[in-house]
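Fold and contact review
For reference, the chains in residue letters:
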Amino acid sequence: MPIAIPAEPSDFALDPARTALVIIDMQRDFLEPGGFGETLGNDVSLLAAAIGPCRAMLDAARVAGMLVIHTREGHRPDLSDAPPAKIARGAPSKRIGDPGPMGRILVRGEPGHEIVAALAPIAGEPVIDKPGKGAFYATELEPMLRHRGVEALLVAGVTTEVCVHTTVREANDRGFRCAVLGDACASYFPDFHAAALAMVSAQGGIFGWVTDTTRAVAALNASQERDRA
């Protein structure tokens, strides 16, 4: 049954059977103390604050039977899918493929590449390994969504202004309606986080809607209670 989640700039209507929760790049290297993000001088507690809201949304989506998809940014061990221009960015010894505190930086299969334990995927939840910022670039995400008849996305993860924003823009161009869960997203730069959310819902929702997990979970729970009545 369709439900409406209070959001900006207006309510976000969805059918749980045609909606996917996409959780972006909640990886150890980005969120945990001692990971790559912290070695770059970032305060990882800013990103870790999104774990609790993500978990609340994840639990509600699972109960509702919604498709859940996780993504991880990273590259093949031989770096054959990493553009030279991307590898060249960053300080020497802190580039993609270099040894880091949790294994080789942004390389698939390394400890730091894994999703944090609190948000670990369960059986039946696809994990998309993406070589770029956007979750649609060079991945199977779009056919997965099309095959399931998905037309709307609830989006969470990190960082708000980079991988989340890029994914929402890509989704918008492909005709998917997106609601970004603001409290389940985060950035190392709070000003960037706020600006990125404002850009999504500006001008009547130019890229989509912005809501939070409190409102989304409440709407899903109310829908479940109606269905049981």
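Up top is the structure.
Remember, predicted model here, so these are calculated numbers, not experimental data. (Residues numbered from 1 in each chain as written. Predicted model: local features only at pLDDT ≥ 70, side-chain atom pairs only at ≥ 80, totals over all residues. Heavy atoms only, no water.)

The next subject is the sheet that holds strand 10 (residues 209-211). Backbone-to-backbone hydrogen bonds pair the strands of a sheet. The strands run either parallel or antiparallel. Strand order in the open sheet made by the 6 strands is 7-4-3-8-9-10, with parallel pairing throughout. Because the sheet does not close on itself, it has two edges, and the strands there are strand 7 (127-130) and strand 10. Strand-to-strand twist in this sheet, taken as the mean axis angle between neighbours without regard to direction, amounts to 25°. Here strand 9 (residues 177-186) pairs with strand 10 via 3 bridges, running parallel. Looking at the pairing, Leu-181 lines up with Thr-211 of strand 10. On the sheet, helix 4 (residues 51-64) packs against strand 3 (19-24), strand 4 (67-73), strand 8 (152-158) and strand 9 and is oriented at approximately 150° with respect to strand 3. Contacts from helix 7 (residues 160-173) reach strand 3, strand 4, strand 7, strand 8 and strand 9 within the one sheet, and its direction differs from that of strand 8 by about 165°. (Pairing = 2+ DSSP bridges. Helix = DSSP H or I, 4+ residues; strand = E, 2+ residues; numbered from the N terminus. Axes fitted to C-alpha atoms, helices over the stretch in contact; angles between N-to-C directions. Contact = heavy atoms within 4.5 Å.)

Bringing the packing of aromatic side chains into the picture now. For the structure shown, the criterion picks out 3 aromatic pairs. For the pair Phe-189 and Phe-192, a centre-to-centre distance of 4.9 Å together with 45° between the ring planes defines the contact as tilted. Taking the relative accessible area as the measure of exposure, Phe-189 reaches 40% and is therefore partly exposed. Looking at Phe-192, the relative accessible area reads 44%, which means it is partly exposed. (Phe/Tyr/Trp six-rings, centres within 6.5 Å; stacked < 30°, edge-to-face > 60°. Buried < 20%, exposed > 50% of the residue type's maximum accessible area, 1.4 Å probe, protein only.)

The end-to-end C-alpha distance of helix 8 (residues 190-205) is 21 Å, a good match for the 22 Å that 16 residues give at a rise of 1.5 Å each. What helix 8 keeps buried is the set His-193, Ala-196, Leu-197, Val-200 and Ser-201. For helix 8, the secondary structure elements touched by its buried residues are helix 7, strand 9 and strand 10. (Expected span 1.5 Å × (residues − 1).)

On to the packing of helix 4 against helix 9 (residues 213-228). At their nearest, the axes of helix 4 and helix 9 sit 10 Å apart, and the two run at 20° to each other. In terms of axis orientation, helix 4 runs roughly parallel to helix 9. Crossing geometry of helix 4 relative to helix 9 is assigned as left-handed. Taken together, the residues of helix 9 that come into contact with helix 4 (itself represented by Pro-53, Ala-56, Met-57, Ala-60, Ala-61, Val-63 and Ala-64) are Thr-213, Ala-216, Val-217, Leu-220 and Gln-224. Here the contact of helix 4 with helix 9 is composed, by residue class, of 10 nonpolar, 2 polar and no charged. (Parallel < 35°, antiparallel > 145°, perpendicular 65-115°, else oblique. Left-handed = near helix turned anticlockwise from the far one by under 90°. Nonpolar A, V, L, I, M, F, W, Y, C, P; charged D, E, K, R; others polar.)

By volume, the largest pocket amounts to about 530 Å³. Lining the largest pocket are 23 residues; nearest its centre among them are Phe-30, Phe-36, Leu-40, Leu-106 and Lys-133. Residue assignment for the lining of the largest pocket shows that the elements contributing at least two residues are helix 2 (36-39) and helix 7. Here the residues of the lining of the largest pocket sort into 11 nonpolar, 4 polar and 8 charged. (1 Å grid on protein atoms, 1.4 Å probe; cavity = no way out; pocket = protein on both sides within 12 Å on 5 of 7 lines; lining within 4 Å. Points joined across faces, edges and corners; volume = space filled by probe spheres on them.)

Read these as layout, nothing more, since geometry by itself doesn't imply function.
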